[in-house]
Structures are given as structure tokens and as C-alpha cells.
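Chain by chain, the residues:
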Amino acid sequence: MNTNSSNSLLVVPTGALRISEFTPEEIAKNNPILLSLVIPTYKERDNIENVVNILTGLLDQVIPGNYELIIVDDDSPDRTWEVAQSLIPDYPQLRVMRREEERGLSSAVIRGWQAATGRVLGVIDGDLQHPPKVLTQLLQKIEQGADLALASRHVDGGGVSSWSVIRRFLSRGAQVLGLVILPGVLGRVTDPMSGYFMVRRSAIANTTLNPIGYKILIEVISRGQVGEIAEAGYVFRERTEGESKVTWKQYIEYIQHLIRLRISTGRIGKISKKVNFPVQRFLRFGLVGLSGVFVDMLILYLLSDPTTLALPLTRSKIIAGEIAIFNNFLWNDAWTFADVSMQQKGWKPRLKRFLKFNVVCLAGLVLNVLILNLVFNFLIPNRYIANFTAIAIATIWNFWVNLKLSWRVTEVK
Ligand code: GDD
Ligand code: MN
């Protein structure tokens, strides 16, 4: 049994996808290295040794001892992580992370960066489709003052080796679509799909990143404080081993991602920031609440209407109300607070959220009745205005308390 600790895997960071800034103590203590290069892998068993070998050979020449390679493998069935781990004794700059729970290219990259100790954070594919030599140009651009340097297929010296017409068309189509939805971001780079770039830690520290799917560069530019951007051309090579994991699903995710960025960095996002209130979440919560009203009405009709089951009114209302609460919970969990529930997977945490949500909503109902009476009897003797006020306050109560209680982000260090 080999329990050599220098050979062990990196601990997978949990909680929000946020990269921390260096503390002054950290800087004083161990003078951070220059470059942390993340290599996300999924089923790259036959590539990995070659990749590590080539990258190390190159970086040992330009920045010896001043970099680290971090392989982040999503528990590949071909055991890429194991092969990578077995390389550590021969490559002291190599670190390996095996993610067993989370999945996905973008989050893999960010988890790798969270474990990184460098001042510059980079990413390169693990299949040699990104020519390693470009790394030195990217580094140079950063050293010359760029906050972000990307390898681009669409500048001088760039291209794709032998893509089909269809893939070229889809790739360009995606870019044009991106320009329409998010011009302020996509307009800054010639190759927004690039998964080969470097960024200064300081440009993205302390911002929570929330990418979906493949396109992490767009996320970094949208949410980070990225000033100057530089590009270097590269030719996207053919794969020799393994296969691409891109499917139609990535296109859908890409569009979803653009829309989400548009909303959160657009007008609604700005208002949210200014008033320090999660406006977008609240709008979703409100919409879900509205859907609950319809569910409640429908069930009430089905149970208590003389033409249907004709059950007693109170009993029907209790059932209808509970089903509506259940409906609202499902939508809120899957949509309004999806980012939070994604971090707390499994049936137990979900049941816990549901019970909390239930209690909060019941308390909200009591509040609703109380306010209705208060307003009607002491302030405005109009039952509809009073009811509207009661509903509005109860909704805010429901939202706020559920935000703080049911879908709370619990960060474990
Ligand atoms: N950890 C992890 N998890 N790694 C992944 C996952 C995942 O879910 N999916 C893919 N990878 C790794 C692959 O093993 C590879 O090292 C890299 O991410 C890129 O994946 P490919 O499947 O080879 O992507 P591609 O060659 O089609 O796409 C390339 O071109 C795009 C530009 O159009 C990549 O460079 C992308 O990064 C780039 O955006
Ligand atoms: Mn590839």
C-alpha cells in the first residue's frame, strides 16, 4: 500500500465557486508562484502523460519552479486521475484533484483555481488540441500588463485544422448569437469560446463565478474586473487520442449561460447591486408564488366544488394550500434557488429545505391573516386594499426568511 503523502490527491474545495485573494500574510510567508495552470480532464487516460510531459518540459524552460500544473478530473471511468496521480513522483510540479460529486468542465476549472497558489490562473485542454507553445506568448502578454490573455483561433496565426463546414458554422453562429445577447462581453474578444487562457488572480478574486457548461471565459470576462485583454493566435489541432465531449447539450447550455449573464450583469443586476436586494430572485419567487395561486385554486375547485367532489371547504383549503406549497417548493428549489440547491444535493438536505419552507409559509399565512385584520380594522377599511397589503408583506416575509433559512449557502472551509 502506498501512502506516500506527497503522492496524495488535492482536497476538492466546496461551497461557492469563488477564488480568494491572497492575504498579505500569504504573500509575506510563501511568496506565491507565478502560474497555476489547470488541466480539466474527462476520459483522457491516453493523453495525460504526454500532456504533463510536454507542458513540464516547456514551463521548466521559461519559468522553472515558478508554476504548478493542476489536473482536475471528474472521476473518469477510465481512471485518468489514477494515471495522473502515478505521475506525481516524476513531476513535482504536478497536483491532481479527483472530483467525485460535482461535474462539468467550467466548475472543474474553478475548483482547480480555488486550490491554486499562483498569481496567474490559467487553463488548457488535456487533449493536446491546444498547442502548448502558445503558453509562453500568453504569459508574456500578462507580464506586459494584460489582465487576461487568451489563445484565439480568429487572429493572425490562428485557425482550425480540419473542422467540418457544419462545425465551423455552428461555432460562428454561436459567436454571433453571443454578440447579440451580450455585446459588451463578446465584443471584447475574437474567440469567446476559447478554453485556453490566463487571467490574473486579482481580476477575478472575490467574485462568485457561476458558469454552466463549457464556456468559462465568457463568465470570467463578464463577472471579473478584467481591464486589458490580449490575444495570441493558435491553431486548434486535431485530437489523436480519445474523443470530444461536446454534444448538442453544450449549445443549449451556452445560450442559457448568455441569457443568465445578460440578466445578472444587465439592468436588473445593476439595480440588485445598488439596492443590495436580490431582485432577480425575488421576481422568480413572485412568479412561482403566482403559479401556487393557480394550483391552490384548481385543487380547491376539484375538491370542494358542488359539481366535483363537494368536500367541506376548510378541509379542501388545507389540502389545496399544502399542495400549492409543495408546488412552490419544487419550482423554487429547481429555479429560484437552483444555484444553492445544486450545492446541497441529496434527499436529506432537500427534505430539510422543504420542511423549513413549509414552516416559513405557514407562518407567512398567519402573518397574512394578522395584517389583513390590522390594516382593515385600524388603517384602511377596504378589504381589498387591506388584503393586497397583507399579501405583499407576507410575500416579502416568505421570500426573505426562506432566503436566509431554507436556501442558505452554508460554506464549509
Ligand atoms: N473535469 C472535466 N469535466 N473535464 C472535462 C469535462 C468535464 O465534464 N468535459 C470535458 N473535459 C475536458 C476534456 O477532457 C478536455 O481536456 C477539455 O476539457 C476539453 O474538452 P473536449 O471535449 O476535448 O472539448 P473540445 O475539443 O470539443 O472543445 C474545445 O474547443 C472549444 C472551442 O470551441 C475546448 O478547448 C474548449 O475548452 C473550447 O471552448
Ligand atoms: Mn478537445
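Above this text you will find the structure in question.
No experiment lies behind these values; they were computed from the predicted model shown.

Points about the overall build of the protein
Helix and strand counts for the protein stand at 16 helices and nine strands. Overall, the protein is about 80 × 55 × 45 Å in size when its C-alpha atoms are taken along their principal axes. The 413 residues of the protein split such that 45% are buried. Partitioning the contacts of the protein with sequence separation of at least 6, the portion at a separation of at least 24 is 78%. Carbon and sulfur atoms provide 61% of the accessible area of the protein, an area that totals close to 22100 Å². Separation of charge centres in the protein, based on 46 positive and 36 negative side chains, amounts to 9 Å.

Re the coordination of the manganese ion (ligand 2)
Those donors, Asp127 (OD) and Gln129 (OE1), are the protein atoms that reach the manganese ion (ligand 2), and they lie 1.9 to 2.0 Å from it. Since its relative accessible area comes to 9%, glutamine 129 is described here as buried.

Notes on the sheet that holds strand 2 (residues 67-73)
Ordered in space as 3-2-1-4-7-5-8, the seven strands form an open sheet in which the pairing is mixed. Either end of the sheet is taken by a strand with one partner, and the two such strands are strand 3 (94-98) and strand 8 (229-233). Mean inter-strand twist for the sheet, computed between neighbouring axes without regard to direction, equals 20°. The sheet contact formed by strand 5 (residues 148-152) and strand 7 (residues 197-200) spans three bridges and is antiparallel. When the sheet's bridge partners are listed, leucine 150 is paired in strand 7 with phenylalanine 197. Contacts between helix 4 (residues 105-114) and the sheet are confined to strand 1 (33-41), strand 2, strand 3, strand 4 (118-123) and strand 7, with strand 1 contributing the most and set at about 150° to the helix.

Some thoughts on the site of ligand 1
With respect to spatial proximity, 25 residues lie near ligand 1, and among them Glu44, Asp125, Met193, Arg239 and Lys245 are the closest. Interatomic distance of 2.7 Å between a backbone N/O atom of glycine 126 and an oxygen atom of ligand 1. One of the side-chain N or O atoms of lysine 215 is found 2.9 Å from an oxygen atom in ligand 1. Relative to its free-state accessible area of 740 Å², ligand 1 is covered by the protein chains to the extent of 95%. Of all elements in the fold, only strand 1 and helix 4 reach the threshold of two or more residues within the shell around ligand 1.

A short note on the pattern of salt bridges
The full count for this structure, using the stated rule, is 15 salt bridges. In this structure, the salt-bridge partner of aspartate 147 is arginine 200, at a minimum N-O distance of 3.3 Å. Of this pair, aspartate 147 sits in the loop between helix 5 (134-143) and strand 5 while arginine 200 sits in strand 7, and the two are 53 residues apart along the sequence. Its relative accessible area of 18% is what places aspartate 147 among the buried residues. Among the residues examined, arginine 200 registers a relative accessible area of 23% and is labelled partly exposed. Through salt bridges with shared partners, one network takes in Asp74, Arg99, Glu102 and Arg111.

Concerning the side chain of glutamate 68
Within the element layout of this structure, glutamate 68 appears in strand 2. A polar atom in the side chain of glutamate 68 sits 2.5 Å from the side chain of serine 36. A distance of 2.7 Å separates the side chain of glutamate 68 from the backbone nitrogen of threonine 117, its partner in a polar contact.

Points about the packing of helix 6 (residues 165-181) against helix 10 (residues 248-265)
Where helix 6 contacts helix 10, the two axes come as close as 10 Å, and the packing angle between them is 15°. It follows from the interaxial angle that helix 6 and helix 10 lie roughly parallel. With respect to the hand of their crossing, helix 6 and helix 10 are arranged in right-handed fashion. Contact with helix 6, carried on its side by Leu170, Ala174, Gln175, Leu177, Gly178 and Ile181, involves Tyr251, Tyr254, Ile255, Leu258, Ile259 and Arg262 of helix 10 and no other residues of that element. Class assignment for the residues of the contact of helix 6 with helix 10 results in nine nonpolar, two polar and one charged.

Description of a nonpolar patch on the surface
Together, Leu287, Leu290, Val293, Phe294, Met297, Trp331 and Trp335 give the surface a local cluster of nonpolar side chains, amounting to about 770 Å² of exposed area. Breaking the nonpolar patch down by element, the ones donating at least two residues are helix 12 (279-304) and helix 13 (313-336). Broken down by element, the nonpolar patch gets its largest block of residues, five residues, from helix 12.

Re the packing of aromatic side chains
Tallying each qualifying case throughout the model produces 15 aromatic pairs. Each ring, one from phenylalanine 337 and one from phenylalanine 399, has its centre 6.4 Å from the other, and the planes form 25°; the classification is stacked. You can see phenylalanine 337 sitting in the loop between helix 13 and helix 14 (338-343) and its partner phenylalanine 399 sitting in helix 16 (residues 383-405), a full 62 residues away along the chain. Take phenylalanine 337 and phenylalanine 399: they sit in the same class, and that class is buried. With 4.3 Å between their ring centres and 10° between their planes, phenylalanine 337 and tryptophan 407 make a pair best called stacked. Here tryptophan 407 lies in the segment after helix 16 and phenylalanine 337 lies in the loop between helix 13 and helix 14, a separation of 70 residues in the sequence. For tryptophan 407, a relative accessible area of 1% puts it in the buried group.

Digging into the nonpolar core
The biggest cluster of nonpolar side chains holds 39 residues, and the ones touching the most others in it are Trp113, Leu148, Phe197, Val199, Ile218 and Val220. At five residues, helix 9 (residues 216-223) tops the list of elements feeding residues into this core. Apart from residues lying up to four places away in sequence, valine 220 is in contact with Trp113, Leu148, Phe197, Val199, Ile204 and Val226. Counting 38 residues, the second largest nonpolar core, distinct from the first, contains Leu55, Tyr196, Met198 and Phe236.

Some words on the pairing of strand 3
Where strand 2 and strand 3 come together, five bridges link them in parallel fashion. Along strand 3, the bridge assignment pairs valine 72 with methionine 97. Tracing the backbone out of strand 2, into helix 3 (residues 80-87) and back to the parallel element strand 3 gives a crossover that is right-handed.

Reading the values: the criteria
- Residues numbered from 1 in each chain as written.
- Chains lettered and ligands numbered in written order.
- Predicted model: local features only at pLDDT ≥ 70, side-chain atom pairs only at ≥ 80, totals over all residues.
- Heavy atoms only, no water.
- Helix = DSSP H or I, 4+ residues; strand = E, 2+ residues; numbered from the N terminus.
- Buried < 20%, exposed > 50% of the residue type's maximum accessible area, 1.4 Å probe, protein only.
- Contact = heavy atoms within 4.5 Å.
- Areas by Shrake-Rupley, 256 points an atom, 1.4 Å probe, with all protein chains shown as cover.
- Lys, Arg positive; Asp, Glu negative; His and termini not counted.
- Charge placed at Lys NZ, Arg CZ, Asp CG, Glu CD.
- Donors = N, O, S within 2.8 Å, 3.2 Å for Na, K, Ca; no water.
- Pairing = 2+ DSSP bridges.
- Axes fitted to C-alpha atoms, helices over the stretch in contact; angles between N-to-C directions.
- Near = heavy atom within 4 Å.
- Polar contact = N/O pair within 3.5 Å; in protein donor to acceptor, adjacent residues only side chain to side chain.
- Salt bridge = Lys/Arg side-chain N within 4 Å of Asp/Glu carboxyl O.
- Parallel < 35°, antiparallel > 145°, perpendicular 65-115°, else oblique.
- Left-handed = near helix turned anticlockwise from the far one by under 90°.
- Nonpolar A, V, L, I, M, F, W, Y, C, P; charged D, E, K, R; others polar.
- Patch = residues over 30% accessible without salt bridge, like charges linked within 9 Å, V, L, I, M, F, W, Y side chains within 5 Å.
- Phe/Tyr/Trp six-rings, centres within 6.5 Å; stacked < 30°, edge-to-face > 60°.
- Core = buried A, V, L, I, M, F, W, Y, C linked by side-chain atoms within 4.5 Å.
- Right-handed = clockwise from strand over helix to strand, strands pointing away.

Everything listed here is a matter of geometry and, on its own, says nothing about what the molecule does.
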